[in-house]
Amino acid sequence: MNKQLKEDLENLEVILNTVKAKSIEYLEELNDTKTSSIFKNTTQDKLPQIGIGAIEALNKFHKKYKELIVSSSGPRFWGYVTGGSTPASIVGDWLASIYDQNTQGINGFGDISANIELQTINMMLDLFHLQEGDFLGGFVTGATMSSFTCLAVARQWYGKEIEMDIAKNGMKNNFNVLSATPHSSAIKALSMLGMGSTNFIKVNTIKGNGEAICLDDLEEKLKVLNGEPAIIISSAGTVNTVDFDDFIGIEQLKRQYKFWWHIDAAFGGFAACSEEYQYLILNWDKSDSVTIDCHKWMNVPYESAIFFIKKKYSFLQTETFQNSNAPYLGNPFDNFNYLNLLPENSRRLKALPVWFTLQAYGKEGYAEIVDNCISLAKDLGHRINSHASFKLLAPIRLNNICFTLNNFDKDEEVQNFLMELNQTGKVFMTPTRYSGVQGIRCSLVNWRTTKKDIDLVFSEMERIIQKKPAANNT
Ligand SMILES: Cc1ncc(COP(=O)(O)O)c(C=O)c1O
């Protein structure tokens, strides 16, 4: 055995205790850690001929890279849609590394850790008020890969409708894909699937200030297809304004027209946890597939998302993802094995952080996280709208705030305001364009965020805007 490896093996307790101490220190300082960093160190790390062992590597890493680490899991990292990590999810994540399973099977030789994944999926179905028997779920790296997985099965379904086995023979056709406000990642999935990122039919949104699909226009566009199949990508929470498509209306159309119905519920699906807001996802159980991110509102470490695909399509799913030329894996249609059901073959026990956080905090814990974020978003939205220098670009429907400056002349004024705000290191928000207007958006999904954070951020916003020339300050 290599000398450094042997020493590390003998020193395991010291190594893990040192990491534990550093981790606790980091997590205790998280509220005050900066939300942005400017990394200046450009020296290239050299591959050593003789290694330095784990403790020295840890010291070296901290010395060089600690300043690079931003509080993306902290309470005021509101850019994109960025969750944090609950204590229990960190336990699960650590143990996933310690156990280092290659999670695939449930009753084969060797690894059977997929049993834990299936148990976790069933708890997730319960959390989201979906029937256990209806959907097959699995873990992937993020919502992008979840939509990729769902749309790959949709593509296979589509092929069958036109008497083609696309997984086997490739594509010779175009696809009718319809969507109103798809997230960029769904479009990326279309591109990765060879269906073409520009080959989707844009459905109008409802008139007024919204991003939800206009059902009349959807029906018009389905009619024109004249019986050809289609794939509909709908939204349970658009990324700018958290708008929800009308799932009752889409289901009614599904009775008359032939389409695969996919729902991107990356973070909006968590409305299911809130008694007050669960009406938003009513009827989503009638869809064919659903994307849900766990590293957003569920607050487990990156990379974690799940797909739910109706069990009645398991055959198509296996056709799409099977490893058909590996006899040692057995018949993919007989043996349940995740490697025949999703993109990755080798995979870590991704379910473990979710298993832990669900056991630790339960339905009530998630209802509180979700309701807290919504009420804080409404509070911040109210303050923004009541201030002479800011205005909301859309109503606060759930947990995102999309706003801009009042009376600005050039987009740069909004961009500069945002840059200055982010440079404080106290909060991180992201730019957007909404209805043609330069805006700023933030998304509250972190379990740690409190009213104190809203106070702090809003006072920074006021301080910065007060320094601006009069045009913005009236
Ligand atoms: C609605 C929606 N769908 C999909 C995604 C993509 O998620 P991921 O980055 O986990 O792939 C996001 C990310 O913000 C999102 O908000």
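A quick note: this is a predicted structure, and the numbers were derived from the prediction, not measured.

Cut-offs applied
Residues numbered from 1 in each chain as written. Predicted model: local features only at pLDDT ≥ 70, side-chain atom pairs only at ≥ 80, totals over all residues. Pairing = 2+ DSSP bridges. Helix = DSSP H or I, 4+ residues; strand = E, 2+ residues; numbered from the N terminus. Axes fitted to C-alpha atoms, helices over the stretch in contact; angles between N-to-C directions. Contact = placed C-beta atoms within 7 Å. Domains from an automatic or database assignment. Parallel < 35°, antiparallel > 145°, perpendicular 65-115°, else oblique. Left-handed = near helix turned anticlockwise from the far one by under 90°. Nonpolar A, V, L, I, M, F, W, Y, C, P; charged D, E, K, R; others polar.

Trainee: Before we go on, may I ask you to explain the sheet that holds strand β6 (residues 289-293) in this structure?
Mentor: The seven strands lie next to each other as β1-β7-β6-β5-β4-β2-β3, forming an open sheet whose pairing is mixed. Looking at the sheet topology across the chains shown, the edges are occupied by β1 (135-140) and β3 (200-202). With direction set aside, neighbouring strand axes in the sheet form an average angle of 20°. Most of the contacts of helix α5 (residues 114-127) go to β1, to which it runs at about 115°, and overall it touches β1 and β7 (305-310).

Trainee: Explain the domain arrangement of the protein chain here, please?
Mentor: Often the size quoted for an interface is simply the accessible area lost on bringing the parts together. Entries for the protein chain in the domain assignment read domain 1 (3-71) and domain 2 (90-356). On a C-alpha basis, the centres of domain 1 and domain 2 stand 37 Å from each other.

Trainee: Which parts of the structure should I look at to understand the packing of α5 against helix α12 (residues 351-386)?
Mentor: Axis angle and axis distance: for two packed helices, these are the angle between their axes and the distance between the axes, and together they describe the pair. One can describe the packing of α5 onto α12 by two numbers: an axis separation of 10 Å at closest approach and a directional angle of 25°. With respect to each other, α5 and α12 are oriented roughly parallel. The handedness of the crossing between α5 and α12 is left-handed. Contacts between α5 and α12 involve Ile116, Glu117, Thr120, Met123 and Leu127 from the former and Ala351, Leu352, Val354, Trp355, Leu358, Lys363 and Tyr366 from the latter.

Trainee: Looking at this structure, how should I read the packing of helix α6 (residues 143-161) against helix α8 (residues 184-192)?
Mentor: Two numbers describe how α6 lies on α8: the axes approach to 9 Å, and their chain directions differ by 50°. It follows that α6 is oblique to α8 by the angle criterion. The chirality of how α6 crosses α8 is right-handed. Contacts from Ala143, Thr144, Ser147, Phe148 and Leu151 in α6 reach Ser185, Ala186, Lys188, Ala189, Leu190 and Met192 in α8. A class-by-class count of the residues in the contact of α6 with α8 yields seven nonpolar, three polar and one charged.

Trainee: Is there a simple way to explain unusual backbone geometry in this structure?
Mentor: With glycine set apart, most residues show a phi of negative sign, and most peptide bonds adopt trans. For the bond running from Tyr302 to Glu303, omega is -5°, close enough to zero to count as cis. Within the chain, Asn226 stands out as a residue other than glycine whose phi angle is a positive 55°. Along the polypeptide, Asn226 turns up in the loop between α9 (215-224) and β4 (230-235). With a phi angle near 55°, Asn407 is a residue other than glycine that sits in the positive phi range. Summarising the element assignment, Asn407 is placed in the loop between β9 (400-405) and α13 (411-423).

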